[in-house]
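Here's the letter readout for the chains.
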Amino acid sequence: MSSLRFFTKHSSTSLFSSFLLKHIRSMSNIPENTVYSGPTSQTPNQRTTLAQLRQKYKNLKPISMITAYDYPSAVHIDMTGIDICLVGDSASMVVHGHDTTLPITVDEMLVHCRAVARGAKNPMLVGDLPFGSYESSSDQAVDTAVRILKEGGMDAIKLEGGSPSRIVAAKAIVEAGIAVMGHVGLTPQAISVLGGFRPQGRNILSAVKVVETALALQEAGSFSIVLECVPAPVAAAATAALQIPTIGIGAGPFCSGQVLVYHDLLGMLQHPHHAKVTPKFCKQYARIGDVINKALLEYKEDVMNGSFPDAHYSPYKISEADVEGFSNELQKLGFDKAASAASEAVQKLNATK
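Because the structure is predicted, anything quoted here is derived from the model rather than measured.

A. Expanded view of the overall build of the protein chain. Within the protein chain, the regular secondary structure consists of 15 helices and 8 strands. When the 353 residues of the protein chain are sorted by exposure, 39% land in the buried category. Considering only contacts in the protein chain between residues 6 or more positions apart, those separated by 24 or more positions represent 54%. When the accessible surface of the protein chain is summed, it comes to about 20,400 Å², and 59% of that surface belongs to carbon and sulfur atoms.

As structure tokens, this is what we get:
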């Protein structure tokens, strides 16, 4: 304050203004040379954009996508240069243990979206609209999509199916300024109508419907279409008919890109209970579940036989002199057993060094 009074009393207005501006800047994180007055990110956003995806598609370069649900998996994905990270409603099965994708709610999806957004800074982030959150009306669909972006930190949304109401919903979301990824073929949210998790496009009528539905979603403004569990020739036909990328999952090699679930491709779910949710089209690039099970069994054994933690994993020290003084104080308080335990602990740790 004394320096401000000095300048107010002894300097011109312009000199004081210059000093004050410099003083404020030194106290803030506002860059001096910016178009806008707000602070800029310390780590510039390198996130994959729609324009980059369109350029890859135009140049016939395959697009990579992985479905993930939490911060640790998002960090791993971020380090690999994957183009798109989908926060899928399949979390209902893979993470929450349900038999279908139907039970998961918008609020639960938002938790997964926010966790992934904190971990993945480079891929485009796409959040699924869960069952029951967009079917009633275009207004409901737009409201949910807005929440996925604003509260979930996503860049785009994905919705399933190609019924007239869902095409209208997709169009409304696009017109609201939100990028939409479509999803045709096996649409897990529609298993009640499909009669279970059944592949689609296996006869003429069904195959034509896959292509027509994809075209309708393209007409509605979708930037990409997921093709799930359809024969490769049908996926090839849809890819050729469209002017936007197709992302295959169990749809053969002729799509514009591919997607798999993080847990599936890593072989994380090795318990027999999970066999039913590990699809036959998934190539397992590792068997992380076996590694996890082995590590957990070794940990349990070490705990049971007392070998963990030893002195090496008991890093917080207290001098022997302080232990002796501590024991004396405990004895004064009548805690003889506790005093003996403290002294014996020192001897045991020294013996294991």
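B. Spotlight on the pattern of salt bridges. For the structure shown, the criterion picks out 10 salt bridges. Salt-bridge contacts for Lys-158 lead to Asp-128; the nearest nitrogen and oxygen are separated by 2.8 Å. Within this pair, whereas Lys-158 is found in strand 4 (residues 156-158), its partner Asp-128 is found in strand 3 (residues 124-128), the two being separated by 30 residues in sequence. The residues Lys-158 and Asp-128 share a single accessibility class, namely buried.

C. Structural view of the packing of helix 7 (residues 138-150) against helix 8 (residues 164-175). Running from N to C, helix 7 and helix 8 point in directions that differ by 50 degrees, and their axes come no closer than 9 Å. Between helix 7 and helix 8, the crossing angle belongs to the class labelled oblique. The interaxial crossing formed by helix 7 with helix 8 has right-handed handedness. Across the interface between the two elements, Ser-138, Ala-141, Val-142 and Ala-145 from helix 7 touch Val-168, Ala-169, Ala-172 and Ile-173 from helix 8.

D. Quick look at the packing of helix 14 (residues 320-332) against helix 15 (residues 336-352). The interhelical angle for the contact between helix 14 and helix 15, taken along N-to-C directions, is 160 degrees, at an axis separation of 7 Å. Between helix 14 and helix 15, the angle is such that the two are roughly antiparallel. Read as a crossing pair, helix 14 and helix 15 show a hand that is left-handed. Only Asp-336, Ala-338, Ala-339, Ala-342, Ser-343, Val-346 and Asn-350 of helix 15 make contact with helix 14, whose side of the interface consists of Glu-320, Val-323, Phe-326, Ser-327, Leu-330 and Gln-331. Residue composition of the contact of helix 14 with helix 15, by class: 7 nonpolar, 4 polar and 2 charged.

E. Fine view of helix 11 (residues 232-241). Among all positions in helix 11, only Ala-232, Val-234, Ala-235, Ala-238 and Thr-239 are buried. An end-on view of helix 11 places all buried positions within 160 degrees of arc, on one side of the element. With respect to the buried face of helix 11, the exposed residues turned more than 90 degrees away are Pro-233 and Ala-240. Contacts made by the buried residues of helix 11 are with helix 10 (204-219), strand 6 (224-228) and strand 7 (246-249).

F. View of the packing of aromatic side chains. Enumeration according to the criterion identifies 2 aromatic pairs in this entry. When the ring of Tyr-299 is compared with that of Phe-308, the centres are 6.1 Å apart and the planes differ by 65 degrees; the resulting orientation is edge-to-face. Since its relative accessible area comes to 36%, Phe-308 is described here as partly exposed. Note on Phe-308 and Tyr-313: the rings are 5.7 Å apart at their centroids and 50 degrees apart in plane angle, and the pair reads as tilted. Residue classification places Tyr-313 among the exposed positions, given a relative accessible area of 52%. Aromatic rings pair up to connect Tyr-299, Phe-308 and Tyr-313 into one cluster.

G. Looking closely at a nonpolar patch on the surface. Nonpolar side chains collect at one region of the surface, where Tyr-299, Val-303, Phe-308 and Tyr-313 lie side by side and expose about 420 Å² of accessible area between them. Note that Tyr-299 resides in helix 13 (residues 288-305).

H. Local environment of the pairing of strand 8 (residues 257-261). When you tally the buried positions in strand 8, you get 4 out of 5 residues, the bulk of the element. Relative to strand 8, strand 1 (residues 63-67) runs parallel, the two sharing 5 bridges. Looking at strand 8, one finds that Ser-64 is bridged to Gln-258. Alignment of strand 7 against strand 8, held across 2 bridges, turns out to be parallel. Within strand 8, the residue paired with Ile-247 across the bridge is Gly-257.

Calculation notes
- Each chain carries its own residue numbering, running from 1 in the written order of its sequence.
- Selection of residues for local features in this predicted model requires a pLDDT of at least 70, selection of side-chain atom pairs for listing and counting requires 80 or more, and totals for whole chains, interfaces and linings are taken over all residues.
- Side-chain measures were taken over the full set of non-hydrogen atoms in the model, leaving aside hydrogen atoms and water.
- Numbering goes from the N terminus for both helices and strands, where a helix is a DSSP run of H or I of at least four residues and a strand is a run of E of at least two.
- Only protein chains enter the accessibility calculation, which uses a 1.4 Å probe. A residue is then buried if its area is under 20% of the maximum for its type, exposed if over 50%, and partly exposed in between.
- Contacts are assigned to residue pairs with any non-hydrogen atoms lying within 4.5 Å of each other.
- We get accessible surface area from the Shrake-Rupley algorithm with a probe of 1.4 Å; when it comes to residues, only the shown protein chains can shield them.
- We count a salt bridge whenever a side-chain nitrogen from Lys or Arg sits within 4 Å of a carboxyl oxygen from Asp or Glu.
- Fitted lines through C-alpha atoms serve as axes, helices being fitted only where they are in contact, and the angles separating the N-to-C directions of these axes extend from 0 to 180 degrees.
- Oblique is the label for any angle not under 35 degrees, not over 145, and not in the 65 to 115 range, which are roughly parallel, roughly antiparallel and roughly perpendicular in turn.
- Note on convention: the crossing is left-handed when the near helix lies turned anticlockwise from the far helix by less than a right angle, right-handed when the turn is clockwise.
- In the scheme used here, Gly and all other residues not listed as nonpolar or charged are polar, with Ala, Val, Leu, Ile, Met, Phe, Trp, Tyr, Cys and Pro taken as nonpolar and Asp, Glu, Lys and Arg as charged.
- The arc under discussion is defined with respect to the helix axis, by the directions toward the C-beta atoms.
- Within 6.5 Å between ring centres, the rings of Phe, Tyr and Trp (the latter by its six-membered ring) count as paired, and their orientation is classed by plane angle as stacked under 30 degrees, edge-to-face over 60, tilted in between.
- Distance thresholds for patches are 9 Å for like charges and 5 Å for nonpolar side chains (Val, Leu, Ile, Met, Phe, Trp, Tyr), applied to residues having over 30% relative accessible area and no salt bridge.
- Criterion used throughout: strands pair if DSSP finds at least two bridges between them.

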